[in-house]
Amino acid sequence: MTEIVLGVGASHSTLMNTHWDQTLHQDRAERFRDALTEARDRLAAARPDTVVLVGSNHFRGFWLDLIPSFTIGVGECVASGESGTPKGPQPVDVPLARHLAESLVEHHDFDIAFSARLQIDHGQSHAIQYLLDGLDVEIVPLVVNVFAHPLPTLERCERLGRAIRETLLALPEDRRVAVIGSGGLSHRLPWPDWRDPRGDDEEFMVGAWLNGRENWQDYDARRREIIRAAEAAITPEFDEEFLTLLERGETHRLTGLTTEELEKRAGNGAQEIRTWLLTAAALGHAPGHRLAYEEMPEWLTGMAVAVLDPADPAGPASPASPERQS
């Protein structure tokens, strides 16, 4: 019988790799890094065979010539390796990935995209670097579109998490699966709405997103300059609300927010909480436990790490969760 043994939500930032020495709040940075290590140790103790790795993509594996809402890697998976993150082929649990893709289409009304040659970036490889280091596991990469409007709704992401949960738990073979959601929390990136770029920097960004499939590295230096010049816009009040709901097993209460409302409350980068919400639903909305939350203006982001353990004595799910209501 297949078990879902652990969930992890973790923020990512390549500035951890490239600008650690320039980080002013070293104490906060170290607490966040230590929390990643603790989460990695929790994953090791849970002994998963496979990790469903849910993340975003920052226009280094997907471009505006084709942006699905959800994409499962069902074959080769290659990490782009930008900013000191892992580079090259990653081990994929191909049979499970293909089964998930087929089941979501046939049994759960999700016309999910799939890729037999998927390129991921730090939206997932940051988690590979810090959470899966040294673990003998295969992954099922799942990329959620959180940056190229129109975005999948929060409600749709939560439903996908529940569908993945049902599919995994129905597998008859003995298999231990963990789920990681990578991204968020509140932050604002200096990225335009691709439909209405304004000014040279925004025109450059949209050009990179549209034309970078064959030469994305050529755009990276200026992209980094634009990001480094941005002012931090973190909303710790939203982050506290989100983490409190996670601890109660109630993140589904945010599914009524529209994309526009979420951006207004917590910035365009907060659209990445879709990966956490999907992970929480895949864990049956088990109560979470935060390992760290740090406001990191140098990294432009509210940085958090949390684990969701279905064996937690607080119980497997909130009585108000959609899973219990259905």
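Residues numbered from 1 in each chain as written. Predicted model: local features only at pLDDT ≥ 70, side-chain atom pairs only at ≥ 80, totals over all residues. Heavy atoms only, no water.

Quick look at the overall build of the protein
If you tally the helices and strands in the protein, you get eleven helices and nine strands. Its C-alpha radius of gyration of 18 Å places the protein within 12% of the 20 Å reference for a compact globule of 326 residues. Here the C-alpha coordinates of the protein stretch approximately 55 × 40 × 40 Å along the principal axes. Burial analysis of the protein (326 residues in total) assigns 60% to the buried set. Expressed as a percentage of contacts within the protein between residues at least 6 apart in sequence, the contacts between residues at least 24 apart total 82%. As displayed, the protein has an accessible area near 13300 Å², and 47% of this comes from carbon and sulfur atoms. Separation of charge centres in the protein, based on 31 positive and 52 negative side chains, amounts to 2 Å. (Helix = DSSP H or I, 4+ residues; strand = E, 2+ residues; numbered from the N terminus. Rg over C-alpha atoms; globule rule 2.2 N^0.38 Å. Buried < 20%, exposed > 50% of the residue type's maximum accessible area, 1.4 Å probe, protein only. Contact = heavy atoms within 4.5 Å. Areas by Shrake-Rupley, 256 points an atom, 1.4 Å probe, with all protein chains shown as cover. Lys, Arg positive; Asp, Glu negative; His and termini not counted. Charge placed at Lys NZ, Arg CZ, Asp CG, Glu CD.)

What about the environment of L257?
Here L257 shows up in the loop between α8 (236-248) and α9 (259-266). Residues L257 and T153 lie 104 residues apart in sequence; the distance between their C-alpha atoms is 8.4 Å. With near-sequence residues (within four places) excluded, L257 lies in contact with L154, L262 and R265.

Re the pattern of salt bridges
In the structure shown here, the tally under the stated rule is 22 salt bridges. For D220, the salt bridge is made with R223, and the minimal N-O distance between the two is 3.8 Å. On the criterion of helical spacing, the pair formed by D220 and R223 is a turn pair, its members being three residues apart in helix α7 (residues 217-228). Across the pair, R223 and D220 agree in class, each one buried. One salt-bridge network, held together by shared partners, links R60, E82, D220 and R223. (Salt bridge = Lys/Arg side-chain N within 4 Å of Asp/Glu carboxyl O.)

Remarks on the nonpolar core
One broad rule of soluble globular proteins: the nonpolar side chains tend to lie buried together. In terms of nonpolar packing, the biggest core is built from 64 residues, with I72, L142, L160 and L168 touching the most fellow members. Counting residues in hydrophobic clusters, the runner-up holds 39 residues, among them L36, L43, I128 and M303. (Core = buried A, V, L, I, M, F, W, Y, C linked by side-chain atoms within 4.5 Å.)

Considerations on the packing of helix α2 (residues 26-46) against helix α4 (residues 122-131)
Taken N-terminus to C-terminus, the directions of α2 and α4 make an angle of 75°; their axes are 9 Å apart at the nearest point. The angle between the axes of α2 and α4 places the two elements in the roughly perpendicular class. Residues L36, A39, R40 and L43 of α2 lie in contact with α4, whose contacting residues are H126, Y130 and L131. By residue class, the composition of the contact of α2 with α4 is five nonpolar, one polar and one charged. (Axes fitted to C-alpha atoms, helices over the stretch in contact; angles between N-to-C directions. Parallel < 35°, antiparallel > 145°, perpendicular 65-115°, else oblique. Nonpolar A, V, L, I, M, F, W, Y, C, P; charged D, E, K, R; others polar.)

Focus: the packing of aromatic side chains
Counted by the stated rule, this structure contains ten aromatic pairs. Taking the centre distance of 4.9 Å and the plane angle of 70° together, the rings of F147 and W191 count as edge-to-face. Placement of the pair is F147 in the loop between β6 (138-144) and α5 (154-169) and W191 in the loop between β7 (175-182) and α6 (199-211), with a sequence separation of 44 residues. A relative accessible area of 9% places F147 in the buried class. When its relative accessible area of 10% is taken as the criterion, W191 is described as buried. Taking the centre distance of 6.5 Å and the plane angle of 20° together, the rings of F238 and F242 count as stacked. Remark: F242 and F238 occur in helix α8; sequence separation between them is four residues, near one turn of the helix. (Phe/Tyr/Trp six-rings, centres within 6.5 Å; stacked < 30°, edge-to-face > 60°.)

A closer look at the confidence of the model for the protein
In this model, the protein carries an average pLDDT of 94, and 96% of its residues clear a pLDDT of 70 or more. With pLDDT under 50 throughout, residues 315-326 is counted as low confidence; its partners more than four residues away or in other chains account for 32 contacts. (pLDDT = per-residue confidence, 0-100.)

Topic: the pairing of β7
Of all eight residues in β7, seven are buried; the element is thus mostly enclosed. As judged from the eight bridges shared by strand β1 (residues 2-10) and β7, these two strands associate in the parallel manner. Bridged to I4 within β7 is V177. With five bridges connecting them, strand β2 (residues 50-55) and β7 associate as parallel partners. Across the sheet, residue V51 finds its bridge partner in β7, namely A178. (Pairing = 2+ DSSP bridges.)

Quick notes on α9
T259, L262 and A266 are the residues of α9 that are buried. Looking straight down α9, one finds that the buried residues subtend no more than 65° of arc, so they occupy a single side. Along α9, exposed side chains directed more than 90 degrees from the buried face belong to E260 and K264. Where α9 is buried, its residues meet α5, α8 and α10 (273-282). Looking one or two residues past α9, G267 carries a phi angle of roughly 95°, positive in sign. (Arc of directions from axis to C-beta.)

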